[in-house]
Amino acid sequence: MKGSNRVSLLVVAVAVVTTSVAHPRQLSAENAASSSGTSSTAGQWSVQVDKVDPGDVALAPSFQIAIYESLVDELGKTKRFKQVLRDGDRNAGDISDLLILKTSVQKYSAGSETRRAVTTVSGATKLTVRSQLCARDGHIILERTVNGNVRFMGSNLRATHNLARNVAKAIKQSSLPDPSHSASHAAIDSDQVVVVELR
Amino acid sequence: MNRRIISTRLKPDLFLVSLVLLWCSVAALAQSPGQSANSPTPVSIRGTHLLGFENAKNNANGTLSIEGDALQFQKDGKPTEQVKIASVQDIFLGEQSKQVGGTPMTLGKAAVPFGGGRAISLFAHKKYDTLALEYVDSNGGMHGAIFQLNKGQAEALRNELVAKGARVSESANEPVKQSNAEVPSEGK
């Protein structure tokens, strides 16, 4: 009899602990969902992805193409924008709420897949770019410095995929001004631009 | 005695048969290059689609070919993905060295004791050519695609594409080899 009482007490205790632990998490999950929901509905911009500017960096053309294509892919996945247009797309002229994503390469370390496989600690491929979301008139709305690396496994081109994912993540997490508000007030001053480095 | 007669009778027949066979094989050998010289054979190369073509999966193996005025990529048993050669704006060649064997090989190397996998990695790599294309769609939107080909095949394919009307900028003529030096951009 005593044994059964102990078991029932234990069950009740476990149930209490479980509910107390689960409830706050559920609430926080709801909050997160609602916050992400507001961020995705707030932005009704379309974005046009410009070709990657290699700057002074001797970046292989295949890397430039890979960054560009990965950016188009990853920005589409964020669902933050109404449309993701490519560089040179004639439809961009008809869209009023259009942002232009400019990407310029700042730093590049080529790395080697074989060195990574042999040494583990060296041979990383590193890419650093500056991404700018600009309005039509050229005013910068958002600016980020983003890295994309391959340190252990994978080919060198994987750095471009990681980079594009980080750029898309940075844009998704940032708050963009309302398109209609922005249209009436031209663009944000350059003083208001926040530069954040993601490492 | 009988045996001798039979063998002498067979010998000329065998000789004749072998002569006919030899003539046939020589004729067949002589004919095949002549045929290929007269009719233009479509270029067809096995390669890996790294990225770019919309309906083809990344890192998919398949056949890259030139059919008429289009560059096609076909994964075995999948519909063909194609781009008009006239829409190609630029072609870039490159080289890269990759570890062979993919994930199974990597896991296998990790399982080798005493760091033996690292020693295997030293030799388990292969050099490939990369062929990067820039082309435009019907709306004028820029697209890029990258293919990995066996060494020496990218240049042949590029020449074929150029002959069929693809555009190539002067800067794209030199194959780019990856260096390990870190190159910071200044003044940005």
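Residues numbered from 1 in each chain as written. Chains lettered and ligands numbered in written order. Predicted model: local features only at pLDDT ≥ 70, side-chain atom pairs only at ≥ 80, totals over all residues.

Quick look at the confidence of the model for chain A
All names here are of chain A. Note the threshold: Known as pLDDT, the predictor's confidence for each residue is given on a scale from 0 to 100. Numbering of helices and strands starts at the N terminus; helices are DSSP runs of H or I of at least 4 residues and strands are runs of E of at least 2. The contact criterion used here is simple: two residues whose C-beta atoms, placed from the backbone, lie within 7 Å are in contact.
Of all residues in chain A, 69% have pLDDT values of 70 or greater, and the mean over the chain is 79. Of all secondary-structure elements in chain A, the lowest mean pLDDT belongs to helix α1 (residues 2-42), at 50, while strand β2 (residues 84-86) reaches the highest, 96. In this model residues 20-42 is a low-confidence stretch, pLDDT under 50, and it forms 3 contacts with partners more than four residues away in sequence or in other chains. Here residues 184-194 is a poorly scored stretch, pLDDT under 50, and it has 13 contacts once near neighbours within four places are set aside; other chains count.

Some remarks on the nonpolar core
Side chains of a nonpolar character, in soluble globular proteins, are inclined to be buried together. Cut-off, in case you're wondering: Nonpolar cores are built from buried Ala, Val, Leu, Ile, Met, Phe, Trp, Tyr and Cys residues. These are joined into a set through C-beta atoms within 7 Å. Each residue is classified by how many other C-beta atoms fall within 10 Å of its C-beta atom, where C-beta atoms are placed from the backbone; a count of 20 or more means buried, 12 or fewer means exposed, and values in between mean partly exposed.
Counting 65 residues, the largest nonpolar core has Val47 and Leu71 of chain A together with Leu131 of chain B as its most contacted members. It is helix α2 (residues 61-78) of chain A that provides the largest number of residues to this core, a total of 8 residues. Dropping the residues within four chain positions of it, valine 47 of chain A is found in contact with Leu75, Phe81, Val84, Leu85, Leu99 and Leu101 of chain A.

Things to note about the confidence of the model for chain B
Any region with low pLDDT has predicted coordinates that should not be read closely. Residues and elements named next belong to chain B. Counting all residues, the mean pLDDT for chain B is 79, and 68% of those residues have values of 70 or more. Element-level mean pLDDT values for chain B span from 50 in strand β9 (residues 182-184) up to 95 in strand β7 (residues 142-150). Note on residues 26-39: pLDDT is under 50 here. Beyond four places in sequence and across chains, it has 1 contact. Here residues 179-183 is a poorly scored stretch, pLDDT under 50, and it has 9 contacts once near neighbours within four places are set aside; other chains count. For this predicted complex, the interface score ipTM comes out at 0.72, alongside a pTM of 0.73.

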